[in-house]
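As a plain string of letters, each chain reads:
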Amino acid sequence: MLWIIIVLFTLPFALYMAMLSSTFQTYITNYVASYLEKMTNSKIEIGHIYFKPFRSIELKEVYLSDDNQDTLIYLDRLETAINWIDLDNTHIWLSSVEVDSAKVYFIADSTGELNLTRFLDKIVGPDTTSVDTSSGEFVLGINKLDVKKTRFRIKSYGTEPLEKGVNFEDLYLQNISLDASDFKLVNSDVYLDIHQLSFKEQSGLYLDTLQGNYSMDSSGIQISDFKLVYDSTRIVASEQGLLFNGFDKMSNFLDEVKLKSNIKEARIRSIDLARIVPELAMLDFDVQMSGEITGPVSRLKGKNLKIALTDSTFINTSFSIRGLPDVENMFVMVNVHLLTGYRDDLKKLPVLLDENNEPPLPELITQFSFKGDINGFISDLSADGLITSNLGSLKTNVVYRQSDDGEIEVDGAINVFQFAIDKLTGDDQTFGKTALSAKLNSIFLPNGKFKANIDSDIRYFDFNQYRIKDIQIKGDLSEESFDGDIVVRDSVLNMDFTGYFEYGTEQLAHRFLINLHHVDLAALKLDTDSISQLDCDVMANIEGLDPNEISGSLNILDLDYKRGADSIHLHELVVDAQMENYKRSLSVKSD
């Protein structure tokens, strides 16, 4: 009886010690490797299994090859605590897994099929991509997953290396550190909750933090409750994803992989994004962002996207862009819900600054906003919207075209409301505000010169505290001269001007005819007398404006001038000034 009791107490201990022995664990190592090789028809090596009864299993130097005898998975060390295993149904559930120095290489063939998919097909057969955990699927579940110093690569067939930027057809992550839970591998589909992920990509991009609920299957890669931090860029989103119909679509990333991003808040710097999209290296920005971006890169769309330089300088827009990354040939449709800001804030965008580090706005425009639509190619755009500033408002319906030689053409119509000429000129005694509508056809040359044909209707123009109304201007305008007609039909000024005058040349040549009728000089504050009226016709062919240097002829016809009780009438007055042999002559003739 005593020996039975001794056996009952010593047998479990003996079995426990046997399980800890190197002989037993070597046997288990060989058995498991042999079993898995038969199941997968792949080469599998396990350097060592260390079994800790009732606690965990530690595996070292685990190697799995794909059907090309290349590395599929290599684990330098893996320690796991097992919940249960159903080998008949190939279901494995683990309470925890710790992985050190692993290498995971997912490679697609010419059909787009991953080596992982072919490996799992050998276990359970093909066409089992459902998430359902019924018999016939390989299922691996892990409650808690801790990964350190690991490499992961997913590569499309026939991928060419890139000199700069992330190659999404050959994504290679190194020094991966992962803290995750609720991991599930169902055939080739992967699901897990990421608490903390960091890595370095072969392009040089270093990811400091990634968090979210991750899923990867044949329909795409998605993360909900997303948070990302790398360098100084930070993104928080309800969802981020790359959507596709099969991994083979990754080989045509720009056209067949759809981006899906719903950003709650983000800080984005171009210097960081340039590691992913090198074309952004030419820009220099640091902005806050929120909104929705969807579609493949070649057909990108944005909805309620807000991009802010500061709290008061931002754009809220929706857009559709076709043709990226070919910027020169891309077609844009942009609905600007609101663009508003301050001129000084634009200095935070170096890409906009000129050689003097000034933004592309006159210094007098300190505040601005825009609402409207912008459509077309970069070199052929139409803009229809309302611009407001501290100087006034401008409604535009114009077309912008730029040729290969840098020549810019602007055509269309504008309406100006309450524009502050007094602030523009700095003379609030002489000028006030103006309002007008105009049609224009203009060309701006690379050397700074321009020419334009204008047809404008000035509803009013404040001059000397009087509002002159009903002004029409038609003609050709340049940086040097005006050639055309000006008509004024106001109660205190009736004028017809036709001709040519210069303001941007050395000689300042003028050839014109002016008909002045019912000019009330008192109302225009050009005379202090309460009664001061002028009627006359003026013909001019002169050069210069300085009385000491002017030359040419000035004819004044049918002059009637009344001031108070006095009046003057001249049928003709001719003034002729000439310069000959450095001698100046001046003659005045009248009737």
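Residues numbered from 1 in each chain as written. Predicted model: local features only at pLDDT ≥ 70, side-chain atom pairs only at ≥ 80, totals over all residues. Heavy atoms only, no water.

Caption draft 1: Main features of the overall build of the protein. When helices and strands are tallied, the protein shows six helices and 29 strands. As presented, the protein carries roughly 32,800 Å² of accessible surface, and 55% of it is formed by carbon and sulfur atoms. (Helix = DSSP H or I, 4+ residues; strand = E, 2+ residues; numbered from the N terminus. Areas by Shrake-Rupley, 256 points an atom, 1.4 Å probe, with all protein chains shown as cover.)

Caption draft 2: Summary view of the pattern of salt bridges. For the coordinates displayed, the defined rule picks out 20 salt bridges. Glu265 is the partner of Arg234 in a salt bridge, and the nearest nitrogen-oxygen pair spans 3.8 Å. Placement of Arg234 in strand E10 (residues 233-243) and of Glu265 in strand E11 (residues 258-269) is noted, with a sequence separation of 31 residues between them. Its relative accessible area of 34% is what places Arg234 among the partly exposed residues. With a relative accessible area of 43%, Glu265 lands in the partly exposed category. A salt bridge links Asp286 to Arg267; its shortest N-O distance comes to 2.5 Å. Of the two residues, Asp286 sits in strand E12 (residues 286-295) while Arg267 sits in strand E11, which places them 19 residues apart along the sequence. Given the relative accessible area of 29%, Asp286 is considered partly exposed. (Salt bridge = Lys/Arg side-chain N within 4 Å of Asp/Glu carboxyl O. Buried < 20%, exposed > 50% of the residue type's maximum accessible area, 1.4 Å probe, protein only.)

Caption draft 3: A look at empty space enclosed by the protein. Across all of its chains, the model carries one cavity of 30 Å³ or more by this definition. Estimates place the volume of the largest cavity at around 60 Å³. Lining the largest cavity are Ala108, Leu114, Ile154, Lys155, Ser156, Phe168, Glu169, Phe247 and Met250. (1 Å grid on protein atoms, 1.4 Å probe; cavity = no way out; pocket = protein on both sides within 12 Å on 5 of 7 lines; lining within 4 Å. Points joined across faces, edges and corners; volume = space filled by probe spheres on them.)

Caption draft 4: Focus on the confidence of the model for the protein. Here the protein shows a mean pLDDT of 85. Residues at 70 or above account for 90%. Across residues 11-19, confidence stays below pLDDT 50; counting only partners more than four residues off in sequence or on other chains, it has eight contacts. This stretch, residues 128-135, has a pLDDT under 50; its non-local contacts, to residues over four places away or in other chains, come to 17 contacts. (pLDDT = per-residue confidence, 0-100. Contact = heavy atoms within 4.5 Å.)

Caption draft 5: Representation of the packing of aromatic side chains within the structure. If you walk through the whole model with that rule in mind, you get 11 aromatic pairs. Between Phe331 and Phe377, the aromatic rings sit 5.1 Å apart at their centres with planes inclined by 75 degrees, giving edge-to-face as the arrangement. Taken together, the residues span a long stretch of sequence, with Phe331 in strand E15 (residues 331-342) and Phe377 in strand E16 (residues 367-377) at a distance of 46 residues. One aromatic cluster is present, formed by Phe482, Phe497, Phe501, Tyr503 and Phe512 through successive ring pairs. If you follow Arg153 out to its NZ or CZ, it ends over the ring of Tyr172, 4.6 Å from the centre. We note Arg467 situated over the ring of Tyr460; from NZ or CZ to the ring centre the distance is 3.8 Å. (Phe/Tyr/Trp six-rings, centres within 6.5 Å; stacked < 30°, edge-to-face > 60°. Lys NZ or Arg CZ within 6 Å of the ring centre and 35° of its normal.)

Caption draft 6: Examining a nonpolar patch on the surface more closely. Together, Ile82, Ile85 and Leu87 make up an exposed nonpolar region whose accessible area comes to about 250 Å². Positionally, Ile82 belongs in strand E3 (residues 71-86). (Patch = residues over 30% accessible without salt bridge, like charges linked within 9 Å, V, L, I, M, F, W, Y side chains within 5 Å.)

Caption draft 7: Structural context of the pairing of strand E24 (residues 493-502). For strand E23 (residues 481-490) and E24, the ladder comprises 10 bridges, and the chain directions are antiparallel. For Ile486, the partnering residue across the bridge sits in E24 and is Phe497. Where E23 hands over to E24, the hairpin turn is made up of two residues, counted between the paired strands. In terms of strand pairing, E24 meets strand E25 (residues 509-520) through eight bridges, oriented antiparallel. Paired with Phe497 across the two strands is Ile514, which belongs to E25. The turn linking E24 back onto E25 is made up of six residues, and Leu508 within it adopts a positive phi angle of 55 degrees. (Pairing = 2+ DSSP bridges.)

Caption draft 8: The arrangement of the environment of Ser481 in detail. Counting through the fold element by element, Ser481 comes out in strand E23. A sequence separation of 23 residues divides Ser481 from Gly504, and the C-alpha atoms of the two residues are 6.6 Å apart.

Caption draft 9: A look at the nonpolar core. Counting 79 residues, the largest nonpolar core has Phe106, Leu145, Leu178, Phe183, Leu192, Leu210 and Tyr214 as the members making the most contacts within it. Excluding residues that lie within four positions of it along the chain, Leu210 makes contacts with Ile194, Gln196, Leu197, Ile223, Phe226, Lys227 and Leu228. Counting residues in hydrophobic clusters, the runner-up holds 31 residues, among them Met495, Leu516, Leu521 and Val538. (Core = buried A, V, L, I, M, F, W, Y, C linked by side-chain atoms within 4.5 Å.)

Caption draft 10: Here's a closer look at unusual backbone geometry. Going from Leu324 to Pro325, the amide bond is cis rather than trans, its omega being 10 degrees. The residue Pro325 is located in the loop between strand E14 (314-322) and E15 in this model. Residue Asn464 is not a glycine yet carries a positive backbone phi of 50 degrees. As for its placement among the helices and strands, Asn464 is situated in the loop between strand E21 (450-463) and strand E22 (466-478). By relative accessible area, Asn464 is classed as buried at 13%. Of note in the backbone geometry, Lys525 takes a positive phi value of approximately 55 degrees without being a glycine. Mapped onto the elements of the fold, Lys525 is located in the loop between E25 and strand E26 (532-543).

Caption draft 11: Structural view of a negative patch on the surface. A cluster of like negative charges, contributed by Asp326, Glu328, Asp404, Asp405 and Glu407, occupies part of the molecular surface. By the element assignment, Glu407 lies in the loop between strand E18 (392-402) and strand E19 (408-420). According to the relative accessible area criterion, Glu407 is partly exposed, its value standing at 31%. (Lys, Arg positive; Asp, Glu negative; His and termini not counted. Charge placed at Lys NZ, Arg CZ, Asp CG, Glu CD.)

Caption draft 12: The arrangement of the pairing of strand E2 (residues 56-65) in detail. Along E2, eight of the 10 residues are buried, which leaves the element largely enclosed by surrounding structure. Here E2 folds back onto E3, and the loop between the two strands holds five residues, one of which, Gln69, carries a positive phi near 65 degrees.

Caption draft 13: Structural context of the side chain of Asp345. One can find Asp345 in the loop between E15 and E16. Those residues in contact with Asp345 that lie beyond four places of it in its chain are Leu309, Thr310, Ser312 and Thr313.

Caption draft 14: Broad picture of the side chain of Glu79. Along the chain, Glu79 turns up in strand E3. Residue Glu79 is classed as buried on the basis of its relative accessible area of 17%. Only 2.6 Å separates the side chain of Glu79 from the side chain of Arg77, close enough to count as a polar contact. (Polar contact = N/O pair within 3.5 Å; in protein donor to acceptor, adjacent residues only side chain to side chain.)

Caption draft 15: Expanded view of a positive patch on the surface. A cluster of like positive charges, contributed by Lys258, Arg299, Lys301 and Arg322, occupies part of the molecular surface. Checked against the element boundaries, Lys301 lands in strand E13 (residues 299-308).

Caption draft 16: Focus on the environment of Leu72. Examined against the element boundaries, Leu72 turns out to sit in strand E3. For the pair Leu72 and Phe106, spaced 34 residues apart in the sequence, the C-alpha separation amounts to 6.6 Å. Those residues within four positions of Leu72 in sequence are excluded, and the remaining contacts are Leu64, Ser65, Asp66, Lys103, Val104, Tyr105, Phe106, Asn115, Leu116 and Phe119.

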